[in-house]
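What follows is each chain in one-letter form.
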Amino acid sequence: MSTTFRTGTLALAIGLALGTAPSFAAGFAEEAAKKESIERIAVVGSRSAPRSVAESPVPIDIIGGDELGKNASSDMLDMLVGAIPSLNARAQPISDAASLIRPVNLRGLPSDSTLVLLNGKRRHRASVIAFQGGGINDGAQGPDISVIPSVAIKQVEVLRDGAAAQYGSDAIAGVMNFVLKDDADGGSMSVKQGSYYEGDGDQTIIDGNVGLPFTKDGFVNLSFQLKNADATSRSVQRPDAANIASQGNASIQNPAQIWGNPEVKDDITFFGNVGLDLGNDKEFYTFGNYSERDVTGGFYYRNPHNRGNVFSVDGGETLLVGDVGESEGAARTCAVVNIPKNSDGSDGNVLDSLDYQAMVADPNCFSMNQIMPGGYTPQFGGNITDTSLTVGTKGEINEGFLKEWFFDVSGSVGRSESKFNLKNTLNPSLGLDTPLDFDTGSYIQMEKTFNFDLVKGFDMGLEEPVNVAMGLEWREESFEIVSGGKASWEAGAYADQGFNIGSHGFKGFGPETQGRNDRRNVAAYIDVEAQVTEDFLVGAAIRHESFNTFGSTTNYKLTAQLRLNDEISLRGSHSTGFRAPTVGQANVVNTQTSLVEGELIQTFLAPPTNPLSQFYGGKELTPEESKSFAFGGVYQYDDFFFTLDYYNIEVTDRLAQSSQINVLADDYTALEALGVVNPELISAVSYFSNDFDTTTQGVDVVANYTMALMGGDTLLSLAYNWNETTVDQFNPETTNEGKVHRLEEGMPDHRATFTVSQSWEDVSAFVRVNYFGEYFATHADDACAVGCWNEIADSAVTVDAEVSYFLNDSITLSAGANNIFDQEAQKLPAESYGQLGAEYYESGPFDYNGGFYYVKATYNF
């Protein structure tokens, strides 16, 4: 790439990445090109010139691509969690679709309250909705950040402030902007191999990046990552399974169910970023990705004596026996099969009982034990594909009434598809003819966005020209459900005898649920920023959005920064915001196994306008609304940098998945009259609702200090977050107190990291200490407020470390570990093993799998 492109066009690339002013950015770019690193400069948070973190009127974290790579995990979520204390992401071991795409949360709010950008453009949502999202993320539908590999990233900019007035829906908690590499030459290849201390979860990651010239004034930067990860198991044998095995049932597995990370196969991702200087102060750009992976996880064990509507309908007193003749209209002839009991009250082996053997000998009678004599544990999996493409042009308008304005015109399309499957399970209503593997259908999320942005500086006699930005945005979002194979949803001949309909554990999507729903909206904004004096900066933004489904909304933001002297400045902001319910949340259908007060039940998630939901209080969804206040300060002296920021975010009409509402026998007749099919096979219903208000407040502290030590360069970094959420009001008919308690206490109030990085000529190393405060530990989607198996978990400290040796200018060898001292997660009480078969709480803030070590070799060219 020519020097001209690096200074002139890079100014446009940075200055207009989010609609900023290249006239100001050009001077910055020339200065930045002389520096060793551009990673302390951000373009989020302001539509004026790109600003350093210290000069920003709102708090911003900058994480460079090299820093992201210093982590045992190759998952972008884990990399960011290690660098940003107010960011959290939890593993979802047994959690339906949430185990395929993990949700993330910033500042104590769900994943879809943080807007994600790629090169300054809105990133599409994932097709997966986190139905069991660990409390705070229940029902969240955010973007799939995990598809973005660190090898493709130049830096990540995290704006920790409400910004809906600037960027639109979803920016209540903040904004994350992933900036792709734009080098026109050079590149790298690396291979990483790692495993957990327990000897499982082996991971192999191969990635690469190459920069190529695109004519003499452009670049093509390409990246890829290929990953495979084995499943982990932190399981214990369930006592009920162990007992049946001890009674002589040889079909019981040990452990009966696997509780741990899912298996990830052939996780391949390609990213491309292209820029071309068109001359005459214009630039063309395009970027996008293709990603695909196969994920397989586990479900809960189905006990062969008492699993409801599969093996029994009376809690395990007798087997559920199918009668072929009855299904054809004849009188029932099959006798009752009692579950034998031992003297201590435990189950005997029904397979050895005379009643069972007589039933099997009668060709008119059957039970599911003949197919699954030891019970079964379904395997839930999916094929996840994610694609996106953005094309645009930007530059200066040289004639006409918009002369000297800078423009950015772009169009984006993003698509996420999740094809679900279920293995090692049954459709009991089909009797002995049931298949064991099912195609259960797909979710498809599609988004299209068009942006037109303008920006110009006006000389008004102030310290600097007043920056004025304005723009228009058009978006279309669709959510589609594709039905599964017939066997996955079919009501077989034995449904009326009490046998479960559809693939058990995750019923396939039937023709009645198939279809596509769309929503469109248009937005207009204006953003003004003025450097009133050399030491005083103010800004204001207002945005109006109109949706074709539920009307319009107008939001504003005010920012200010006052520099007291060369070292100290104060900053603050106030904004209103909103988050529109996603099309998926308004229309999704799902059947899942839920854990409610220690019992596993079959729950039907229906659209809020579905007759079943409306019978139990469902209503049309409306947008969330928020008010945000933040203020803080920056202190910078020589090589010491310190920021402290307080935030307060009020969210009203907050949207989430309701608690499970019992479907009562007294309501069956009324529900059937409304068109609900087989209500007696639905234990509970849930739906999305705007039924509670919250206030989230907290403090972020960031401090960095660089110095020369031990013959090398040393960087000390401290980051601390205190976060507290209070549920101000809620609807007790749709949100139980257990869920309220999880929202308020489910994450540590205190979180901190302290990192020491050291570099010499041939060696570099870092040590990171992570602190996690106390939190309310719950398992899966259990919603007990107190009792059950929930408890206050202890605080914990984990340590990560890595050392790298530069063999020569091209080859780097690294070795490291996360949780190097193998700090245990909070253990479940032994009395929970009978239902959960797990050793640790799922809701912990750090990896329950324990220590993970890795080695890595990198070749730079």
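Residues numbered from 1 in each chain as written. Predicted model: local features only at pLDDT ≥ 70, side-chain atom pairs only at ≥ 80, totals over all residues. Heavy atoms only, no water.

Colleague: Got a minute to help me understand the overall build of the protein chain in this structure?
Modeller: Assigned secondary structure in the protein chain consists of 14 helices and 39 strands. Looking at the protein chain as a whole, 61% of its 861 residues qualify as buried. In the protein chain, 71% of the contacts between residues at least 6 apart in sequence involve partners at least 24 apart. (Helix = DSSP H or I, 4+ residues; strand = E, 2+ residues; numbered from the N terminus. Buried < 20%, exposed > 50% of the residue type's maximum accessible area, 1.4 Å probe, protein only. Contact = heavy atoms within 4.5 Å.)

Colleague: What's the story with the state of the cysteines in this structure? I'm lost.
Modeller: Covalently bonding the sulfur atom of one cysteine to the sulfur atom of another cysteine gives a disulfide. In the structure shown here, the tally under the stated rule is 1 disulfide. A sulfur-sulfur separation of 2.0 Å characterises the disulfide bridge that pairs Cys334 with Cys365. Note on the Cys334 and Cys365 pair: the S-S dihedral is about -105°, so by sign convention the disulfide is left-handed. Here Cys365 lies in strand 16 (residues 365–366) and Cys334 lies in the loop between helix 7 (324–327) and helix 8 (354–361), a separation of 31 residues in the sequence. Summarising the burial analysis for this pair, Cys334 and Cys365 share the class buried. (Disulfide = S-S within 2.5 Å.)

Colleague: Sorry, what's going on with the side chain of His124 here?
Modeller: Inspection of the secondary structure puts His124 in the loop between strand 7 (121–122) and strand 8 (153–159). Polar contacts involving the side chain of His124 include one to the side chain of Asp386, which spans 3.0 Å. Once you skip the residues sitting within four places of it in the chain, His124 turns out to touch Pro143, Asp386, Thr387, Ser388, Gly414, Arg415, Ser416 and Glu447. (Polar contact = N/O pair within 3.5 Å; in protein donor to acceptor, adjacent residues only side chain to side chain.)

Colleague: Help me understand the pairing of strand 21 (residues 515–533) in this model?
Modeller: It is a general feature of regular strands that their side chains alternate between the two faces of the sheet. Direction of pairing for strand 20 (residues 466–482) relative to strand 21: antiparallel, over a ladder of 15 bridges. Paired with Leu472 across the strands is Ala524, a residue of strand 21. Relative to strand 22 (residues 536–547), strand 21 is paired through 12 bridges, and the arrangement is antiparallel. Paired with Gln531 across the bridge in strand 22 is Leu537. (Pairing = 2+ DSSP bridges.)

Colleague: Could you clarify how one ought to interpret the packing of aromatic side chains in this entry?
Modeller: Within a pair of aromatic rings, the relevant descriptors are the distance that separates the centres and the angle that separates the planes. Enumeration over the complete set of coordinates arrives at 27 aromatic pairs. Seen from their ring centres, Trp405 and Phe458 are 5.6 Å apart, and the 70° between their planes marks the pair as edge-to-face. Here Trp405, found in the loop between strand 17 (379–396) and strand 18 (406–423), pairs with Phe458, found in strand 19 (residues 438–458); they are 53 residues apart in sequence, far enough to count as distant. For Trp405, a relative accessible area of 10% corresponds to the buried category. Taking 6.1 Å as the distance between ring centres and 75° as the angle between the ring planes, the aromatic pair formed by Phe547 and Phe578 counts as edge-to-face. Of this pair, Phe547 sits in strand 22 while Phe578 sits in strand 24 (residues 568–579), and the two are 31 residues apart along the sequence. Given a relative accessible area of 4%, Phe547 falls into the buried group. (Phe/Tyr/Trp six-rings, centres within 6.5 Å; stacked < 30°, edge-to-face > 60°.)

Colleague: Help me understand the nonpolar core in this model?
Modeller: Generally speaking, nonpolar side chains in soluble globular proteins are found buried as a group. Counting residues in each nonpolar core, the largest one holds 34 residues, and the members touching the most others are Leu68, Met76, Leu80, Leu87, Ile145, Ile153 and Phe178. Of the residues forming this core, the biggest block, 5 residues, is contributed by helix 4 (residues 76–81). The residues contacting Leu87, other than those within four sequence positions of it, are Leu80, Val81, Val104, Asn105, Leu106, Met176 and Arg751. Among the nonpolar cores identified, the runner-up in size contains 33 residues, and Phe380, Ile384, Val589 and Ile661 belong to it. (Core = buried A, V, L, I, M, F, W, Y, C linked by side-chain atoms within 4.5 Å.)

Colleague: Would you mind showing me how to read the sheet that holds strand 9 (residues 174–180) here?
Modeller: Paired through their backbone hydrogen bonds, the strands of a sheet run either parallel or antiparallel. Taken in spatial order, the 5 strands make up an open sheet running 3-8-9-6-7, and their pairing is mixed. Sheet topology places strand 3 (60–64) and strand 7 at the edges, where each strand pairs with a single neighbour.

Colleague: Teacher, can you tell me more about the pattern of salt bridges here?
Modeller: Close approach of charged atoms allows side chains with opposite charge to pair. Summed over the entire model, instances satisfying the criterion amount to 33 salt bridges. Salt-bridge contacts for Arg125 lead to Glu477; the nearest nitrogen and oxygen are separated by 3.4 Å. Note that Arg125 is positioned in the loop between strand 7 and strand 8 and Glu477 in strand 20, a separation of 352 residues in sequence. A single burial state applies to Arg125 and to Glu477, both of which are buried. Note that Asp200 is salt-bridged to Arg234, the shortest N-O span being 2.7 Å. On the criterion of sequence distance, the pair formed by Asp200 in the loop between strand 10 (187–196) and strand 11 (203–213) and Arg234 in the loop between strand 12 (218–229) and helix 6 (239–246) is long-range, its members being 34 residues apart. Overall, Asp200 belongs to the buried group, its relative accessible area being 17%. Linked by salt bridges that have partners in common, Arg122, Arg125, Asp170, Glu477 and Arg519 make up one network. (Salt bridge = Lys/Arg side-chain N within 4 Å of Asp/Glu carboxyl O.)

Colleague: Would you explain the confidence of the model for the protein chain in this entry?
Modeller: On average, residues of the protein chain score 87 in pLDDT, and 89% of them are at 70 or above. For the protein chain, per-element mean pLDDT is lowest for helix 2 (residues 22–32), which scores 32, and highest for strand 16, which scores 98. (pLDDT = per-residue confidence, 0-100.)

Colleague: Mind showing me how you'd approach the pairing of strand 38 (residues 811–818) here?
Modeller: Pairing between strand 37 (residues 796–806) and strand 38: 6 bridges, direction antiparallel. If you follow Phe806 over to strand 38, its bridge partner there is Thr812. Connecting strand 37 to the antiparallel partner strand 38 that follows it, the hairpin turn spans 4 residues. Direction of pairing for strand 38 relative to strand 39 (residues 852–860): antiparallel, over a ladder of 8 bridges. Directly across from Ala815, in strand 39, lies its bridge partner Val855.

Colleague: Mind showing me how you'd approach helix 13 (residues 737–745) here?
Modeller: An α-helix turns once per 3.6 residues; consequently, residues spaced three or four apart project the same way. Three or more residues of helix 13 are buried, namely Gly738, Lys739, Val740, Arg742 and Leu743. Taken together, the buried residues of helix 13 touch strand 28 (640–657), strand 31 (688–709), strand 32 (712–730) and strand 35 (775–777).

Colleague: What's the story with unusual backbone geometry in this structure? I'm lost.
Modeller: Across residues other than glycine, the phi torsion is negative in most instances, and most of the peptide bonds are trans. The step from Asn254 to Pro255 runs through a cis peptide bond, and the omega angle for that step is 0°. Mapped onto the secondary structure, Pro255 falls in the loop between helix 6 and strand 13 (263–279). We note that Met710 has phi near 55°; this positive angle belongs to a residue other than glycine. Note on placement: Met710 falls in the loop between strand 31 and strand 32. Its relative accessible area of 59% is what places Met710 among the exposed residues. In the Ramachandran plot, Asp822 falls in the positive-phi region, its phi being about 55° despite a non-glycine side chain. As for its position among the elements, Asp822 is in the loop between strand 38 and helix 14 (833–836). Overall, Asp822 belongs to the partly exposed group, its relative accessible area being 32%.

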